[in-house]
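One-letter residues, chain by chain:
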Amino acid sequence: MFKSYVETQVESLLAKLSQLKVEMGKVIVGQEAIVEEMLAAMLAGGHCLLEGVPGLAKTLMVRTLAQALDLDFRRIQFTPDLMPTDIVGTEVLEEDHGTGRRIFKFVKGPLFANIVLADEINRTPPKTQSALLEAMQEFSITYGGVTYPLERPFFILATQNPIEQAGTYPLPEAQLDRFLLYIRIGYPSAEEETRILSATTGVRQPVVGAVLGGLEIRQLQGLVREVSISDDLVGYVAALVRATRPGDGGDGYVREWVRWGAGPRAGQALILTAKARALSLGRYGVVLEDLHAMALPVLRHRVLVNFKAEAENIGSDDVTRHLIKAVSRPGGRL
């Protein structure tokens, strides 16, 4: 039986998506789950916040992704003296040498790119953070009363260091919510660390080839919306999100340890990223495993524990893991 043109195109896109993971694997050792979460955020049309101690290849991971995509890439190193105009752009006075007339011309800043690495975002003051987050939400920048649209795809990957707190400006919860996923990068395993040392201390330098372009990524983002999810799973997502709220749910663990639960945006993010994960694995329907795989990075910054929980070293991930076990799954199973 002959395949239709659309089926052939979809298979070609999915094959390139698989090749993208292979290209990233030339440089990034292990961290398959982290790469999967980054790709899910990109395919869902959202942005990522990466957190990890220094030396865990956060910046390298983003650079490698940018190399594997035929897109415009910019890196912004956030510092305490960085101003909004440093990232958005500014107007400069230019003179027409023919007429002698002077005009103001807008010079675009580094945010006018497809992939932007916002390195150490918590080191810059709130007004500069707000300028970045406005661009993330609106996909446009307004300067001098003129709105400049940002070219799609537009993907922000911000990093922050959880150790140092002196001289930093933590993102408020409302701004954290603008990130689709909050990804934590942990230490590699013993076997992975041995491979890292072998691969990075020799003369061989891996070459990462560009696999996907902007048009193909936009097509994949469109396909994500077409991935199916059953009504039962949508109801499960709603129940899981509502269970994070101390005032709505009847779960004693949540009432004891949670200050604020997740809003409806968490449910939207969970469904979209689960669809993206399913598509990246070659499936056209969401299964329960997809929802559970994306629950931690989706809810990590949207469930706020109370001071008592912090004192007992109980975090939002602990609450999410508890609810995954406690909330009834489709079919009435726990």
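Computed from a predicted structure; not experimentally measured.

*Asks:* What should I look at first to understand the overall build of the protein in this one?
*Replies:* When helices and strands are tallied, the protein shows 14 helices and 13 strands. Here the C-alpha radius of gyration of the protein, 22 Å, is about what a compact globule of 334 residues would show, namely 20 Å. Taking the principal axes of the C-alpha coordinates as reference, the protein spans close to 80 × 60 × 45 Å. Counting over 334 residues, the protein shows a buried share of 49%. Pairs at least 24 apart in sequence give 76% of the contacts found in the protein among residues at least 6 apart. Of the accessible surface of the protein, which amounts to about 16700 Å², a share of 53% is contributed by carbon and sulfur atoms. When the 36 positive and 39 negative side-chain charges of the protein are each reduced to one mean point, those points stand 2 Å apart.

*Asks:* For this particular structure, what's the right way to read the environment of R300?
*Replies:* Mapping R300 onto the fold places it in the loop between helix 12 (288–299) and strand 13 (304–305). Residue R300 is classed as buried on the basis of its relative accessible area, which comes to 10%. Expressed as a C-alpha distance, the spacing of R300 and V319, which sit 19 residues apart in the sequence, is 9.3 Å. With sequence-adjacent residues up to four places away left out, R300 is seen in contact with Y182, I183, R184, S316 and D317.

*Asks:* I would appreciate a short explanation of the pairing of strand 7 (residues 140–143) in the present structure.
*Replies:* Here is the key point about a regular strand: its side chains alternate between the two faces of the sheet. Two strands pair when backbone bridges link them, and strand 7 and strand 8 (residues 146–149) are joined in this way by four bridges, in the antiparallel orientation. Opposite S140, over in strand 8, you have P149 as the bridge partner. Counting the residues in the hairpin turn of strand 7 and strand 8 gives two residues, including G144, whose phi is positive at 60 degrees.

*Asks:* I tried to follow the nonpolar core on my own but got confused; where do I start?
*Replies:* Across soluble globular proteins, nonpolar side chains have a tendency to be buried as a group. L65, L69, L157, L220 and L291 are the most contacted members of the largest nonpolar core, which totals 79 residues. Residue contributions to this core peak at nine residues, all from helix 11 (residues 264–280). Excluding its chain neighbours within four sequence positions, the residues that come into contact with L291 are L233, Y236, V237, L270, A274 and V286. A131, L133, L171 and L176 belong to the second largest nonpolar core, which has 29 residues in total.

*Asks:* What am I meant to see in the packing of helix 2 (residues 32–43) against helix 11 here?
*Replies:* Working note: a packed helix pair is described by the angle between its axes plus the distance between those axes. The geometry of helix 2 relative to helix 11 is characterised by a closest axis approach of 8 Å and an angle of 115 degrees between their N-to-C directions. Considering their axes alone, helix 2 and helix 11 lie roughly perpendicular with respect to each other. Considering only the axes of helix 2 and helix 11, their crossing is right-handed. Residue-level contacts link E36, A40 and L43 of helix 2 to T273, A276, R277 and S280 of helix 11. Here the contact of helix 2 with helix 11 is composed, by residue class, of three nonpolar, two polar and two charged.

*Asks:* Would you explain the packing of aromatic side chains in this entry?
*Replies:* To describe a pair of aromatic rings, you give the distance between the ring centres and the angle between the ring planes. For the structure shown, the criterion picks out six aromatic pairs. Relative to F112, the ring of F106 has its centre 6.2 Å away and its plane inclined at 70 degrees; by these criteria the two rings are edge-to-face. Here F139 and F154 contribute two aromatic rings whose centre-to-centre distance is 6.1 Å and whose plane-to-plane angle is 80 degrees, an arrangement assigned as edge-to-face. One end of the pair, F139, is in the loop between helix 5 (126–138) and strand 7; the other, F154, is in the loop between strand 8 and strand 9 (155–160), and 15 residues separate them in sequence. The class for F139 is buried, based on a relative accessible area of 16%. Grouped by ring-pair contacts, the aromatic residues F106, F112, Y143 and Y148 constitute a single cluster. Above the ring of F139, the side-chain terminus of R152 is found at 3.7 Å from the ring centroid. One residue, K308, lies across the ring of W257, its end atom 5.1 Å from the ring centre.

*Asks:* I'm lost on the pattern of salt bridges in this one. Help?
*Replies:* Side-chain pairing between opposite charges can occur once the charged atoms of the two side chains come close. Here the structure, examined in full by the defined rule, presents 17 salt bridges. Between E51 and R184 there is a salt bridge whose closest N-O contact spans 3.0 Å. Taken as a pair, E51 in strand 1 (residues 48–51) and R184 in strand 10 (residues 181–184) lie far apart in primary sequence, 133 residues in all. The class of E51 is buried, set by a relative accessible area of 11%. Residue R75 pairs with D119 through a salt bridge whose shortest N-O separation is 2.7 Å. In this pair, R75 is assigned in strand 3 (residues 73–77) and D119 in strand 6 (residues 115–119), connecting sequence segments 44 residues apart. Here the salt bridges do not stand alone but share partners, grouping E36, R277, R283, E289 and D290 into one network.

*Asks:* Would you mind showing me how to read the sheet that holds strand 1 here?
*Replies:* What links the strands of a sheet is backbone hydrogen bonding, and the strands pair in either a parallel or an antiparallel sense. Spatial strand order, 3-6-9-1-10: five strands in an open sheet with parallel pairing. Strands with a single pairing partner mark the edges of an open sheet, and in this sheet they are strand 3 and strand 10. Averaged over all pairs of adjacent strands, the angle between their axes in this sheet comes to 20 degrees, without regard to strand direction. Where strand 1 and strand 9 come together, four bridges link them in parallel fashion. When the bridges of strand 9 are listed, L50 appears paired with T159.

Calculation criteria
Residues numbered from 1 in each chain as written. Predicted model: local features only at pLDDT ≥ 70, side-chain atom pairs only at ≥ 80, totals over all residues. Heavy atoms only, no water. Helix = DSSP H or I, 4+ residues; strand = E, 2+ residues; numbered from the N terminus. Rg over C-alpha atoms; globule rule 2.2 N^0.38 Å. Buried < 20%, exposed > 50% of the residue type's maximum accessible area, 1.4 Å probe, protein only. Contact = heavy atoms within 4.5 Å. Areas by Shrake-Rupley, 256 points an atom, 1.4 Å probe, with all protein chains shown as cover. Lys, Arg positive; Asp, Glu negative; His and termini not counted. Charge placed at Lys NZ, Arg CZ, Asp CG, Glu CD. Pairing = 2+ DSSP bridges. Core = buried A, V, L, I, M, F, W, Y, C linked by side-chain atoms within 4.5 Å. Axes fitted to C-alpha atoms, helices over the stretch in contact; angles between N-to-C directions. Parallel < 35°, antiparallel > 145°, perpendicular 65-115°, else oblique. Left-handed = near helix turned anticlockwise from the far one by under 90°. Nonpolar A, V, L, I, M, F, W, Y, C, P; charged D, E, K, R; others polar. Phe/Tyr/Trp six-rings, centres within 6.5 Å; stacked < 30°, edge-to-face > 60°. Lys NZ or Arg CZ within 6 Å of the ring centre and 35° of its normal. Salt bridge = Lys/Arg side-chain N within 4 Å of Asp/Glu carboxyl O.

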